Amino acid sequence: MPIRQLSETMINQIAAGEVIERPASVVKELVENALDAGASRVEIVTAGGGLNLIRVTDDGSGIAEPELALAIARHCTSKLSDDIHDIRSLGFRGEALPSIGSVARLSIRSRTASGDSAAEIGIDGGRVSPVKPAAANRGTTVEVRDLFFATPARLKFMKGERAESSATSDVVKRIAIAFPAVRFTLAGPDRSTLELPATDDTPEGRLARVAQVMGKDFPDNAIAIDAVRDGVHLAGHVSIPSYTRANALQQYAYVNGRPVRDKLIAGAIRGAFADVLPRDRHAVTVLFLSLDPSTVDVNVHPAKADVRFRDPGLVRGLIVGAVREALAGAGIRAATTGAAGMMAAFRPGAAPYSNPGPANGHRSYDAAYRAPRGFDPSRSAQRPLDMGYGEARPRTNGFAENEQAAFDTGPLASADARAGMAEPAEALLGMVLGAARAQVHENYIVAQTRDSLVIVDQHAAHERLVYEALKNALHSRAVPSQMLLLPEIVDLPEEDAERLAMHSDTLAKFGLGLERFGPGAVAVRETPSMLGETNVQQLVRDLADEIADNDTVETLKERLDKIAATMACHGSVRSGRLLKAEEMNALLRQMEATPGSGTCNHGRPTYIELKLADIERLFGRR
């Protein structure tokens, strides 16, 4: 087949394959256009998951009538200067509108602030209709109908209406977080209405917008981030270690106001929380990176979802360092959702009972109990404690002293008694974890503050304390190493060997001594003593891969930290050990002074706090 020039419609449809993946992609492009136009209000309406209808209305600057024809032409934009490296808007390619118009029925109706009337232009599967007068307020309305009707094969790859609607909601929420001063509305017959009222572009306003998107629990369980390094500014909020999710969908990252899903940022977040989260749990984060546009390339993906940093090591190091410093400075905090879960467990009717009668004396009846039956006074919820029904037993006069005597066993030699002998000092009640009052089930410390009840898992808490002490000892000086009897020669690609040689001084601090050994090889002469017998070949290759990806040597540090975590687990206070009141209070004070002590090495919470107000609600006092 001879080489030939493709038609304009075919070119646009190819571009649409890159930019317009699903209805959510259309919404993203149109909302970004509205924000670039300075809109303070953006309204989105969808139908059929966005396949039947997408309508985006804004109150931005609008498009002048003579420019409407240019707006739907490829590579025509008002957002780009002559410098491709100085991109300060969300859009800049000039491909979205012609791409959408090539696979759908598109109409644009717009009016500028100085315009006497509005104008409208349409494009139907690539066929452009002439500009005509229209009635509209200031701003622009873009309507997309019958998405992918011109390329029906694409419809086979669409998911269900609910899934497409959910993807659209996620796109709007991600964009809305970065623009708190803009009011967003997402509605339609295929969804419940999402309204995000405008706040203001201050730290408090941004946090209020985050609460609108992520729920009111996040601000109560978040730590503020604010750090600068070499011209890169990082701001936002991250969750405390005890407030997590089962996936990373609630990790939002922005680069110069642009929502991105970047592997480097995601990896940095995982690294920052590696010590405090379980392997299958994820932190909740909202992070904003601000840097010179010339130091980040946003033109590496057609949908602008990925970015490339000129200095990825700087960005990763800033995120990891800032988050860890914030976690350490936040002190000890328990997630508010822990108390909510405890209240739910205590709430009448919540616990499963084998008794088919009313649960906890409330009107929560089992189906079997509601079945019609004759009255049985022995089963009545209102019966006295002993009516004499049921099994035969002798009746006695008086107040049943013999039965009560079974409970009068005298003082028990238990931790509960030792902790409760004396009233706690007033100063201890003012501490974060309060004063120890008892030890129950030989594993849980019950403490009291002025306004709450605290339950501490003594093994998990001490495990974190031992682990942090081991880590500090490990990283405060060079890690002890062991000399290999014979050097281990590791063959690598030349570029990997060169990268390892460049980081040899840093690796030596962690106990790994290596040097170049001819072309494409390194010789390992020392390994960290803590690792014992280890697979040197695999370790070196893993380090080479990490340096290539992130320009760091965190792999070795993480392996040493895992060994420290194992040692801490076996060296901490075991469950089942009775503690004196002094020992329990000493443990609480150590927890208050140790960063990250709200979770153990495996990410489980070390304590739960139940406010007095919550307890009073359980008993109907509030």
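Look up a bit, the structure's there.
Treat the numbers as computed from the prediction; the structure is a model and nothing was measured.

Definitions and cut-offs
- Residues numbered from 1 in each chain as written.
- Predicted model: local features only at pLDDT ≥ 70, side-chain atom pairs only at ≥ 80, totals over all residues.
- Heavy atoms only, no water.
- Salt bridge = Lys/Arg side-chain N within 4 Å of Asp/Glu carboxyl O.
- Helix = DSSP H or I, 4+ residues; strand = E, 2+ residues; numbered from the N terminus.
- Buried < 20%, exposed > 50% of the residue type's maximum accessible area, 1.4 Å probe, protein only.
- Pairing = 2+ DSSP bridges.
- Axes fitted to C-alpha atoms, helices over the stretch in contact; angles between N-to-C directions.
- Contact = heavy atoms within 4.5 Å.
- Phe/Tyr/Trp six-rings, centres within 6.5 Å; stacked < 30°, edge-to-face > 60°.
- Lys NZ or Arg CZ within 6 Å of the ring centre and 35° of its normal.
- Left-handed = near helix turned anticlockwise from the far one by under 90°.
- Nonpolar A, V, L, I, M, F, W, Y, C, P; charged D, E, K, R; others polar.
- Parallel < 35°, antiparallel > 145°, perpendicular 65-115°, else oblique.
- Polar contact = N/O pair within 3.5 Å; in protein donor to acceptor, adjacent residues only side chain to side chain.
- Core = buried A, V, L, I, M, F, W, Y, C linked by side-chain atoms within 4.5 Å.
- Expected span 1.5 Å × (residues − 1).

S.K.: Is there a simple way to explain the pattern of salt bridges in this structure?
M.R.: Any two side chains of opposite charge can pair, so long as their charged atoms come close to each other. Here the structure, examined in full by the defined rule, presents 22 salt bridges. Where D170 meets R174, a salt bridge forms, and the shortest distance between an N and an O atom there is 3.4 Å. With D170 and R174 both in helix α5 (residues 161–178), this residue pair falls four residues apart, about one helical turn. Look at D170 and you get partly exposed, because its relative accessible area is 23%. Classification of R174 as buried rests on a relative accessible area of 8%. Between K611 and D451 there is a salt bridge, with its nearest N and O atoms 3.8 Å apart. One end of the pair, K611, is in strand β25 (residues 607–611); the other, D451, is in the loop between β20 (444–448) and β21 (452–457), and 160 residues separate them in sequence. The exposure class of D451 is partly exposed, given its relative accessible area of 40%. Each of K28, E29 and E32 takes part in salt bridges that share partners, so that together they form one network.

S.K.: Could you clarify how one ought to interpret the sheet that holds strand β24 (residues 521–528) in this entry?
M.R.: Sheet strands line up and pair through hydrogen bonds in the backbone, either parallel or antiparallel. Pairing is antiparallel across the open sheet formed by three strands, whose spatial order is β22-β24-β23. If you trace the sheet from one side to the other, it starts and ends with β22 (481–491) and β23 (513–516), each paired once. For this sheet, the mean inter-axis angle between neighbouring strands, taken without regard to orientation, is 15 degrees. In the sheet, β23 pairs with β24 via four bridges, with the strands oriented antiparallel. In the sheet register, E515 faces β24, and the bridge partner there is A523. Running over the sheet, helix α16 (residues 494–502) touches β23 and β24 and is turned about 130 degrees from β23.

S.K.: What should I look at first to understand the sheet that holds β21 in this one?
M.R.: Across the sheet, which stays open at both edges, the four strands sit in the order β19-β20-β21-β25 with antiparallel pairing between neighbours. Unpaired on one side and paired on the other, β19 (435–440) and β25 mark the two borders of the sheet. Averaged over all pairs of adjacent strands, the angle between their axes in this sheet comes to 20 degrees, without regard to strand direction. Pairing analysis gives five bridges linking β19 to β20, with the strands arranged antiparallel. Across the sheet, the residue bridging to A438 is V446, located in β20. Relative to the sheet, helix α15 (residues 458–475) contacts β19, β20 and β21, its axis offset from that of β21 by approximately 70 degrees. Taken strand by strand, helix α20 (residues 581–593) contacts β19, β20, β21 and β25, and its axis lies near 115 degrees from that of β19.

S.K.: In this structure, what is going on with the pairing of strand β16 (residues 285–290)? I would like to understand it.
M.R.: Within a regular strand, side chains alternate between the sheet's two faces. Counting buried residues along β16, five of its six residues qualify, which places the element largely inside the surrounding structure. Judged from the six bridges that link them, strand β11 (residues 232–239) and β16 form a sheet pairing that is antiparallel. Residue pairing for β16: H237 is matched across the bridge by V286. Here five bridges tie strand β13 (residues 251–255) to β16, and the two strands are oriented parallel to one another. Within β16, the position partnered with V255 by the bridge is L289.

S.K.: I keep staring at the packing of aromatic side chains and nothing clicks. Help me out?
M.R.: Aromatic ring pairs are reported here in terms of the distance separating the ring centres and the angle at which the planes meet. What the rule picks out here adds up to one aromatic pair. Aromatic pair Y254 and F288: ring centres 4.9 Å apart, planes at 15 degrees, arrangement stacked. Here F288 lies in strand β16 and Y254 lies in strand β13, a separation of 34 residues in the sequence. Each of the two residues, Y254 as well as F288, counts as buried. Here the basic side chain of R105 rests over the ring of F149, its NZ or CZ set 3.9 Å away from the ring centre.

S.K.: I would appreciate a short explanation of unusual backbone geometry in the present structure.
M.R.: If a residue is not glycine, its phi is most likely negative; likewise, a peptide bond is most likely trans. One non-glycine residue, D146, adopts positive backbone phi at about 55 degrees. Looking at the secondary structure, you find D146 in the loop between β7 (139–145) and α5. With relative accessibility at 32%, the residue D146 sits in the partly exposed group. Even without being glycine, H441 reaches a positive phi, approximately 55 degrees. With respect to the element layout, H441 can be found in the loop between β19 and β20.

S.K.: Sorry if this is basic, but what is going on with the packing of helix α8 (residues 263–272) against helix α9 (residues 312–329) here?
M.R.: When two helices pack together, their arrangement is captured by the angle between the axes and the distance separating the axes. Running from N to C, α8 and α9 cross one another at 35 degrees; their axes reach a closest spacing of 9 Å. Every pair of crossing elements has a handedness; the one defined by α8 and α9 is right-handed. Across the interface between the two elements, L264, I265, G267, A268, I269, G271 and A272 from α8 touch P312, V315, R316, I319, V320, V323, R324 and L327 from α9. Grouping the constituent residues of the contact of α8 with α9 by class yields eleven nonpolar, two polar and two charged.

S.K.: Help me understand the packing of α5 against helix α6 (residues 203–214), please; the structure alone is not making it clear to me.
M.R.: For the pair α5 and α6, interaxial distance at closest approach is 9 Å and the crossing angle is 170 degrees. With respect to each other, α5 and α6 are oriented roughly antiparallel. Here α5 and α6 pass one another in a crossing that is left-handed. Only R209, V210 and V213 of α6 make contact with α5, whose side of the interface consists of K173, A176 and I177. Of the residues assigned to the contact of α5 with α6, the class counts are four nonpolar, no polar and two charged.

S.K.: Mind showing me how you'd approach the side chain of S452 here?
M.R.: On the secondary structure map, S452 appears in strand β21. Separated by 2.5 Å, the side chains of S452 and T449 make a polar contact. Side-chain polar atoms of S452 contact the side chain of E609, separated by 2.8 Å. Other than its neighbours up to four places away in sequence, S452 contacts A447, E609, L610, K611 and L612.

S.K.: Looking at this structure, I do not really get the nonpolar core. What am I missing?
M.R.: Among soluble globular proteins, nonpolar side chains are generally buried collectively. One finds V42, V144, F184, F273, L289, F309 and I319 to be the most contacted residues of the largest nonpolar core, which totals 94 residues. Once you skip the residues sitting within four places of it in the chain, V144 turns out to touch V26, L30, N52, L53, I54, I100, A104, R105 and L106. The next biggest cluster of nonpolar side chains, apart from the first, holds 21 residues, and it includes V479, L492, L512 and V522.

S.K.: Explain the environment of G60 here, please?
M.R.: When you line up the elements, G60 lands in the loop between β2 (53–58) and α3 (68–71). Look at G60 and you get buried, because its relative accessible area is 1%. Along the sequence, G60 and T140 sit 80 residues apart, while their C-alpha atoms lie 6.9 Å from each other. Once residues lying within four places of it in the same chain are set aside, the contact partners of G60 are A37, G38, A39, R138 and G139.

S.K.: Quick question: what am I supposed to make of α9 here?
M.R.: Spacing of three or four residues puts side chains on the same side of an α-helix, whose turn is 3.6 residues. With 18 residues, α9 should reach 26 Å at 1.5 Å per residue; the first-to-last C-alpha distance of 26 Å fits that figure. Restricting attention to buried positions, one finds in α9 the residues G313, L314, V315, R316, L318, I319, V320, A322, V323, A326 and L327. The first or second residue beyond α9 is G331, which carries a positive phi of 75 degrees.

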